[in-house]
Amino acid sequence: MNPFIQEYFNAERFESLFFTGVGIIATLISIYFIFVVKKPFFYGMAISLIFVALIQLVVGTTVFFRSPKDIIRVENIFKNEPSSIKTQEIPRMEVVMKNFVIYRYVEIALATLGIILYFTFSTQTFTTSLLKGLGLGLAIQAILMLSLDFFAEKRGHEYLEYLIQLDKN
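Keep in mind the model is a prediction, meaning the values are calculated, not measured. (Residues numbered from 1 in each chain as written. Predicted model: local features only at pLDDT ≥ 70, side-chain atom pairs only at ≥ 80, totals over all residues. Heavy atoms only, no water.)

A. Quick peek at the overall build of the protein. Looking only at helices and strands, one finds four helices and zero strands in the protein. Its helices and strands in sequence order give the protein the pattern α-α-α-α, from N to C terminus. At 20 Å, the protein has a C-alpha radius of gyration far larger than the 15 Å of a compact globule built from 169 residues. Principal axes of the C-alpha set define a box for the protein whose edges measure 65 × 25 × 20 Å. Going through the 169 residues of the protein one by one, you find that 38% of them count as buried. Counted over contacts in the protein with a minimum sequence separation of 6, partners at least 24 positions apart contribute 79%. When the accessible surface of the protein is summed, it comes to about 9,700 Å², and 72% of that surface belongs to carbon and sulfur atoms. In the protein, the 15 positive side-chain charges and the 14 negative ones have mean positions that sit 8 Å from each other. (Helix = DSSP H or I, 4+ residues; strand = E, 2+ residues; numbered from the N terminus. Rg over C-alpha atoms; globule rule 2.2 N^0.38 Å. Buried < 20%, exposed > 50% of the residue type's maximum accessible area, 1.4 Å probe, protein only. Contact = heavy atoms within 4.5 Å. Areas by Shrake-Rupley, 256 points an atom, 1.4 Å probe, with all protein chains shown as cover. Lys, Arg positive; Asp, Glu negative; His and termini not counted. Charge placed at Lys NZ, Arg CZ, Asp CG, Glu CD.)

Pasting the structure below:
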């Protein structure tokens, strides 16, 4: 077993649990805002929190259940088909790394939109209060996702560099 491969996918799996946990917490907060607080600002927050929470739940659980299979898949490539590192795993990781750039721009755009919504509207009417809450919830979730993806991207870059070094040897 290759300890670096194990470490990479185990860290990915751990972060996916964190991702899922954040999604669960955001969902519970949204339910509380909708059914207990019942104010337009908090309805707005609930909408954005739950929208991003659904993404967090899907991505988090998918990665959590996929990671053990990825360890086996990459270990088999490493042991039985080392040349496939160059033809399969490196290209796969290059796509993953390109996707992180897209995620980053989307998350920055959503955070910016959320901040603009929050600071543009007052809480004087139902609609403006709802939009202000929507903005705050969106900004919080986007910044949280951006932070989590920062660490995932850093880890992915290190893994890709490791694979490239393996291929050179």
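B. Spotlight on a nonpolar patch on the surface. Taken together, the side chains of I24, L28, I31, Y32, I34, F35 and V36 present a nonpolar region at the surface, about 690 Å² in accessible area. The residue I24 is located in helix α1 (residues 3-37) in this model. (Patch = residues over 30% accessible without salt bridge, like charges linked within 9 Å, V, L, I, M, F, W, Y side chains within 5 Å. Salt bridge = Lys/Arg side-chain N within 4 Å of Asp/Glu carboxyl O.)

C. Spotlight on the packing of aromatic side chains. Inspection of every chain in the model, using the stated rule, returns eleven aromatic pairs. Judged by centre distance (4.8 Å) and plane angle (75°), the rings of Y8 and F9 are edge-to-face. Each member of the pair Y8 and F9 is classed as buried. Arranged with centres 5.5 Å apart and planes meeting at 70°, the rings of F9 and Y159 form a pair that is edge-to-face. With F9 in helix α1 and Y159 in helix α4 (residues 126-168), the pair connects residues that are 150 residues apart, well separated along the chain. As far as the burial class goes, F9 and Y159 line up, both buried. (Phe/Tyr/Trp six-rings, centres within 6.5 Å; stacked < 30°, edge-to-face > 60°.)

D. View of the side chain of N2. Examined against the element boundaries, N2 turns out to sit in the segment before α1. For N2, a relative accessible area of 5% corresponds to the buried category. Here the side chain of N2 touches F4 through a polar contact of 2.9 Å, landing on its backbone nitrogen. Here the side chain of N2 touches Y162 through a polar contact of 2.5 Å, side chain to side chain. Among all residues touching N2, those that are not within four sequence positions of it are E75, F78 and Y162. (Polar contact = N/O pair within 3.5 Å; in protein donor to acceptor, adjacent residues only side chain to side chain.)

E. Region of the structure containing the packing of α1 against α4. Packing of α1 against α4 leaves a shortest axis separation of 10 Å and a crossing angle of 170°. When the interaxial angle is binned, α1 and α4 end up roughly antiparallel. Contacts between α1 and α4 involve F4, I5, Y8, F9, A11, E12, E15, F18, F19, V22 and A26 on the former and, on the latter, Q141, L144, M145, L148, D149, F151, A152, R155, G156, E158, Y159 and Y162. Among the residues making up the contact of α1 with α4, the classes are represented as 16 nonpolar, two polar and five charged. (Axes fitted to C-alpha atoms, helices over the stretch in contact; angles between N-to-C directions. Parallel < 35°, antiparallel > 145°, perpendicular 65-115°, else oblique. Nonpolar A, V, L, I, M, F, W, Y, C, P; charged D, E, K, R; others polar.)

F. Spotlight on the environment of F119. Along the polypeptide, F119 turns up in helix α3 (residues 84-120). Taking the C-alpha atoms as reference points, F119 and I25, 94 residues apart in sequence, are found 25 Å from one another.

G. Spatial organisation of the environment of E153. As for its position among the elements, E153 is in helix α4. Given a relative accessible area of 17%, E153 falls into the buried group. Among all residues touching E153, those that are not within four sequence positions of it are M97, F100, V101 and R104.

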